[in-house]
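Observations on the model geometry
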Amino acid sequence: MKAMVLKEICDLAENRNPLDLVDWPDPVPGEREILLRVSACGVCHTELDEIEGRTAPPRLPVVLGHQVVGRVIERGPRAEKFELGDMVGVGWFYSSCGRCPFCLKGEDNLCEDFKAAGRDVNGGYAQYMTVPEDSVFKIPDVFSAVQAAPLLCAGAIGYRSLRLTGLVDGQNLGLTGFGASAHLVIQMARRKFPGSKVFVFARSEKEREFALELGAVWAGDTEDQPPEKLQAVIDTTPAWKPIVSALKFLDRGGRLVVNAIRKEDGDKEYLLNLDYPTHLWMEKEIKSVANVARRDIREFLDLAAEIPIKPGVQEFGLEEANRALLELKERKIRGAKVLVID
Ligand SMILES: [Zn+2]
Ligand SMILES: [Zn+2]
């Protein structure tokens, strides 16, 4: 099969073509696994973290990609959950031990043995992929493969972030950054919490306009003061300044959830501006989001179909993955980027 593979960790500023198009052996489904013919695979910011080594794959070469939509074309021994031809999706969750206390209570995202698709095992930047049938989700009929792909990561992790805020209907929600995940979060927040107001902090004028179009009551620059206190904030930026700034506007007992697998070090010294009474006292909390649990993907796909959420998408061919990644790095973002493979 054709696949775009990562052979070595590198800096995208120096190597603009980190992935190579190769002929790769066709994968064969094992026990309780299915084989997918990949239709589409979303391109995620986390792939930049993998390529540049912030969350490096344990083995190279590897096929990246963890927002995979495809058709079931073969079932391994004892795999019986899906029919041939079903359109299914795979997110960042690939597998976990299934036995530890975290797995047993549905927090399989926190399992010590958590394996991510497209990092710890081969992912969807390829024509075919195998995956355990327990880690696969039926795609609701309202979505095409290309529309569904970005929902599997940005959407599902956004859903988890929103859940972790503990927001109650009527409370104010702040969003710092307004990219792929946040523009989906605002749509779910408005559906799940119709009495809540959403306030958006974004550097770019275009993102602020987009936020207002999607129903934010207020949109300002990173350090602008919103008209009301926020009971919860979700941060989706790679930087530190937006966090310190948003903590100032967080209400007593409020929680800020950081939706990022890694932060970049560019403005780390800004953390020295952290002032305990202004930013943290009064029982303010900071919580990170790690990976995504299977239940988040399942629940989110249902919610997305019900709303329905249709992400804006920019299409690329499999061979154009490097260009898509580079545009993401350079923040040339017009909707979610998706590789159309079949
Ligand atoms: Zn486990
Ligand atoms: Zn992702």
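For the structure, see preceding data.
Model, not experiment: these values are computed from the prediction. (Residues numbered from 1 in each chain as written. Chains lettered and ligands numbered in written order. Predicted model: local features only at pLDDT ≥ 70, side-chain atom pairs only at ≥ 80, totals over all residues. Heavy atoms only, no water.)

Describing the packing of aromatic side chains
In the structure shown here, the tally under the stated rule is six aromatic pairs. Taking 5.9 Å as the distance between ring centres and 80° as the angle between the ring planes, the aromatic pair formed by Phe 178 and Phe 210 counts as edge-to-face. With Phe 178 in the loop between β11 (173–176) and α5 (180–192) and Phe 210 in helix α6 (residues 205–213), the pair connects residues that are 32 residues apart, well separated along the chain. On the numbers, 5.9 Å between centres and 5° between planes, the contact of Phe 201 with Phe 249 is stacked. Of this pair, Phe 201 sits in strand β12 (residues 198–201) while Phe 249 sits in helix α7 (residues 241–249), placing them 48 residues apart in sequence. One exposure class covers both Phe 201 and Phe 249, and it is buried. Among the aromatic residues, those joined into a ring-pair cluster are Phe 199, Phe 201, Trp 218 and Phe 249. Over the ring of Trp 240 we find Lys 263; its NZ or CZ atom is 5.8 Å from the centre of that ring. (Phe/Tyr/Trp six-rings, centres within 6.5 Å; stacked < 30°, edge-to-face > 60°. Helix = DSSP H or I, 4+ residues; strand = E, 2+ residues; numbered from the N terminus. Buried < 20%, exposed > 50% of the residue type's maximum accessible area, 1.4 Å probe, protein only. Lys NZ or Arg CZ within 6 Å of the ring centre and 35° of its normal.)

A few points about the nonpolar core
The biggest cluster of nonpolar side chains holds 53 residues, and the ones touching the most others in it are Leu 175, Phe 178 and Met 188. Going through the elements one at a time, α3 (145–148), α4 (154–165), β11, α5, β12, β14 (230–235) and α9 (294–306) are the ones with two or more residues in this core. (Core = buried A, V, L, I, M, F, W, Y, C linked by side-chain atoms within 4.5 Å.)

So, the pairing of strand β9 (residues 128–132)
In terms of burial, β9 is a largely internal element, four of the five residues being buried. Sheet topology note: the strand β3 (residues 33–43)/β9 ladder contains five bridges and is antiparallel. Directly across from Leu 36, in β9, lies its bridge partner Met 129. (Pairing = 2+ DSSP bridges.)

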